[in-house]
Amino acid sequence: MRVLGKDAAGLIRGQKEGVVVPGEWRIEKEAEAEAIFVASCRREGAVHQAYLPIVASAQRASTLHYCCNDREFAWGPLIHDHSSDIQQTSGTSTDGSKVFIPQVLLLDAGCEWNNYASDITRTTPIGNGGRFTKEAREIYSLVLKMQNDAIASLKPGIHWDTVHRQCHVTLVKRFIELGIFKGTEEEVLKSGVSAAFFPHGLGHSLGLDVHDVPSASKPDAKFNMTIPSESAENPKFYTYLRLRLPLEAGMVLTVEPGVYFSPHLLAPVRNSPYIDQDVLSRYEGVGGVRIEDVLLITEEGSENLTTVGKDVEWIERVCSGKA
């Protein structure tokens with residue numbers, strides 16, 4: 001984020017001749033952002049990554065487990081076609097340098113430390129002087145509220161299904177306010193249409209493996225007597241949960257809500273009576289936003305083990321070179 005901020009502040013003037021240290025790179029590709037993250041981990045003594053980093057820019061941020069990390073950031077005049085990705089054109093500034101269109105960069109990555117895995121996601125703005133567009137800021141703020149509300153509810157005894165469902169409630173309420181969803185909160189929730197925008201589970205257990213341990217975290221539903229009865233009302237919400245148990249003190253898990261505008265996931269709900277397609281079209285260019293922290297469940301609640309900032313103002317200060 002800080003290297004992107006240096007660029008936004010005009011402190012990086014392109015590559016120089018000879019060897020250029022990572023902090024002086026102008027990041028123009030997903031691979032370059034990945035390289036700086038991995039190099040930073042190695043510099044601090046973390047030799048291995050806990051999993052392959054996900055570094056997705058623009059519309060590619062809507063792909064949940066994007067692993068190519070090989071595309072240039074979108075730049076030049078924005079041309080958006082619902083049937084394809086954001087297209088890149090030859091837009092340049094007066095001095096001949098590339099001009100990034102406003103977009104997001106989603107970085108989901110974590111190193112290993114003393115054999116234990118980490119797993120953190122941040123979504124940052126590129127272009128627009130290091131600030132979110134109106135639409136991207138609204139979606140980012142929604143995801144941040146989903147996460148903050150979920151974290152506030154964590155305590156021993158609460159079932160993970162309940163926390164996950166609350167994120168869908170928060171999403172539906174805000175989408176109705178933004179005009180993306182039509183109808184009452186109850187109608188939209190019952191339809192399950194929000195699963196097209198938040199298709200994955202809220203998080204997973206974390207330990208020696210990044211998903212630790214699936215068989216213990218998600219017992220066979222036929223024998224799992226802990227699942228709340230209300231979960232049967234919206235089965236689409238829980239299809240991809242990796243954790244389906246009441247929380248206990250000592251558990252370590254991720255909290256990672258997201259909102260995505262994936263052409264693939266949206267195709268089945270294009271004709272939904274609960275979606276205003278004209279309003280939705282204004283947000284599809286955002287691609288996707290995910291925010292992920294690692295939490296330790298304590299006797300009284302939880303402790304957030306992730307220290308990197310995530311508030312909108314902090315993210316924009318860093319990405320604009322002001323922090």
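So, how was this worked out
- Residues numbered from 1 in each chain as written.
- Predicted model: local features only at pLDDT ≥ 70, side-chain atom pairs only at ≥ 80, totals over all residues.
- Heavy atoms only, no water.
- Helix = DSSP H or I, 4+ residues; strand = E, 2+ residues; numbered from the N terminus.
- Contact = heavy atoms within 4.5 Å.
- Areas by Shrake-Rupley, 256 points an atom, 1.4 Å probe, with all protein chains shown as cover.
- pLDDT = per-residue confidence, 0-100.
- Pairing = 2+ DSSP bridges.
- Axes fitted to C-alpha atoms, helices over the stretch in contact; angles between N-to-C directions.
- Buried < 20%, exposed > 50% of the residue type's maximum accessible area, 1.4 Å probe, protein only.
- Expected span 1.5 Å × (residues − 1).
- Core = buried A, V, L, I, M, F, W, Y, C linked by side-chain atoms within 4.5 Å.
- Phe/Tyr/Trp six-rings, centres within 6.5 Å; stacked < 30°, edge-to-face > 60°.
- Polar contact = N/O pair within 3.5 Å; in protein donor to acceptor, adjacent residues only side chain to side chain.
- Salt bridge = Lys/Arg side-chain N within 4 Å of Asp/Glu carboxyl O.

Asks: Even after reading the chapter, I still don't get the overall build of the protein chain, so can you show me in this structure?
Replies: When its secondary structure is counted, the protein chain shows nine helices and ten strands. In the protein chain, 72% of the contacts between residues at least 6 apart in sequence involve partners at least 24 apart. Total accessible area on the protein chain is roughly 15400 Å²; 53% of this is exposed by carbon and sulfur atoms.

Asks: What's the story with the confidence of the model for the protein chain in this structure? I'm lost.
Replies: Predicted coordinates in areas of low pLDDT are best not read in detail. Residues of the protein chain with pLDDT of at least 70 account for 89%, and the chain-wide mean is 90. Taken together, the stretch residues 78-90 has pLDDT below 50 and engages in 28 contacts with residues farther than four places along the chain or on a different chain.

Asks: What should I look at first to understand the sheet that holds strand S5 (residues 120-126) in this one?
Replies: To summarise the sheet geometry, strands pair through backbone hydrogen bonds and adopt either a parallel or an antiparallel arrangement. Strand order in this open sheet of three strands is S1-S2-S5, and the pairing throughout is antiparallel. The open sheet terminates on both sides in strands that have one partner only, identified here as strand S1 (54-57) and S5. The sheet shows a mean angle of 10° between the axes of neighbouring strands, taken without regard to direction. Relative to S5, strand S2 (residues 103-109) runs antiparallel, the two sharing seven bridges.

Asks: Before we go on, may I ask you to explain the pairing of S2 in this structure?
Replies: Most of S2 is tucked away: six of the seven residues are buried. Of the pairings in the sheet, the one linking S1 to S2 comprises four bridges and is antiparallel in character. Within S2, the residue paired with Ser57 across the bridge is Leu105.

Asks: Would you mind showing me how to read helix H3 (residues 134-153) here?
Replies: For an α-helix the count is 3.6 residues per turn, leaving residues at separations of three or four pointing the same way. Its 20 residues place the ends of H3 29 Å apart at the C-alpha level, agreeing with the 28 Å of an ideal helix rising 1.5 Å per residue. Within H3, the full set of buried residues consists of Ala136, Glu138, Ile139, Tyr140, Leu142, Val143, Leu144, Met146, Gln147, Ala150 and Ile151.

Asks: Explain the nonpolar core here, please?
Replies: Generally speaking, a soluble globular protein has its nonpolar side chains buried in company with each other. Judged by nonpolar contacts, the single largest core of 61 residues is most densely connected at Ile139, Trp160, Phe175, Phe181, Phe197 and Phe261. The element that contributes the greatest number of residues to this core is H3, accounting for nine residues. Leaving out residues up to four positions away in the same chain, Phe197 has contacts with Leu171, Phe175, Phe181, Gly258, Val259, Tyr260, Phe261, Leu266, Ile275 and Leu280. Ile36, Trp75, Phe100 and Ile126 belong to the second largest nonpolar core, which has eleven residues in total.

Asks: Would you mind going over the packing of aromatic side chains with me for this structure?
Replies: Applying the stated criterion to the full structure yields eight aromatic pairs. Ring geometry for Phe73 against Phe100: centres 5.7 Å apart, planes inclined by 65°, an arrangement best described as edge-to-face. Residue Phe73 is found in the loop between S1 and S2, and its partner Phe100 is found in the loop between S1 and S2; the two are separated by 27 residues along the sequence. Taking relative accessible area as the criterion, Phe73 reaches 0% and is therefore assigned buried. Overall, the relative accessible area of 12% leaves Phe100 in the buried class. Seen from their ring centres, Phe175 and Phe261 are 6.4 Å apart, and the 15° between their planes marks the pair as stacked. With Phe175 in helix H4 (residues 160-178) and Phe261 in the loop between strand S7 (258-260) and helix H7 (263-266), this residue pair connects regions lying 86 residues apart in the sequence. You'll find Phe175 and Phe261 in the same group, each marked buried. Three or more aromatic residues joined by ring pairs form one cluster here, namely Phe175, Phe181, Phe197 and Phe261.

Asks: Could you clarify how one ought to interpret the side chain of Glu256 in this entry?
Replies: In this fold, Glu256 is placed in the loop between strand S6 (252-255) and S7. With relative accessibility at 9%, the residue Glu256 sits in the buried group. A polar side-chain atom of Glu256 sits 3.0 Å from a polar atom in the side chain of Thr254. Once residues lying within four places of it in the same chain are set aside, the contact partners of Glu256 are Asp108, Asp119, His200, Gly201, Leu202, Gly203, His204, Arg290, Ile291 and Glu292.

Asks: Where do I start with the pattern of salt bridges in this structure?
Replies: One side chain can pair with another of opposite charge once the charged atoms of both are near each other. Tallied over the entire structure, the rule returns twelve salt bridges. With a closest N to O distance of 2.8 Å, Arg60 and Glu30 form a salt bridge. Residue Arg60 is found in the loop between S1 and S2, and its partner Glu30 is found in helix H2 (residues 30-43); the two are separated by 30 residues along the sequence. Side by side, Arg60 and Glu30 carry an identical accessibility label, which is buried. The residue Asp293 makes a salt bridge to Lys310 at a minimum N-O spacing of 2.5 Å. Of this pair, Asp293 sits in strand S9 (residues 293-297) while Lys310 sits in the loop between strand S10 (302-304) and helix H9 (312-319); the two residues are 17 residues apart in sequence, bridging distant segments of the chain.

Asks: Explanation requested: the sheet that holds S9 in the structure shown.
Replies: Spatially, three strands are ordered S6-S9-S10 in an open sheet, and the strand pairing comes out antiparallel. Strands at the two margins of the open sheet, each flanked by one partner only, are S6 and S10. Averaged over all neighbouring strand pairs, the angle between strand axes comes to 35°, with direction disregarded. Pairing geometry for S6 and S9, over four bridges, is antiparallel. Among the inter-strand pairings, Thr254 is bridged to a residue of S9, identified as Val294.

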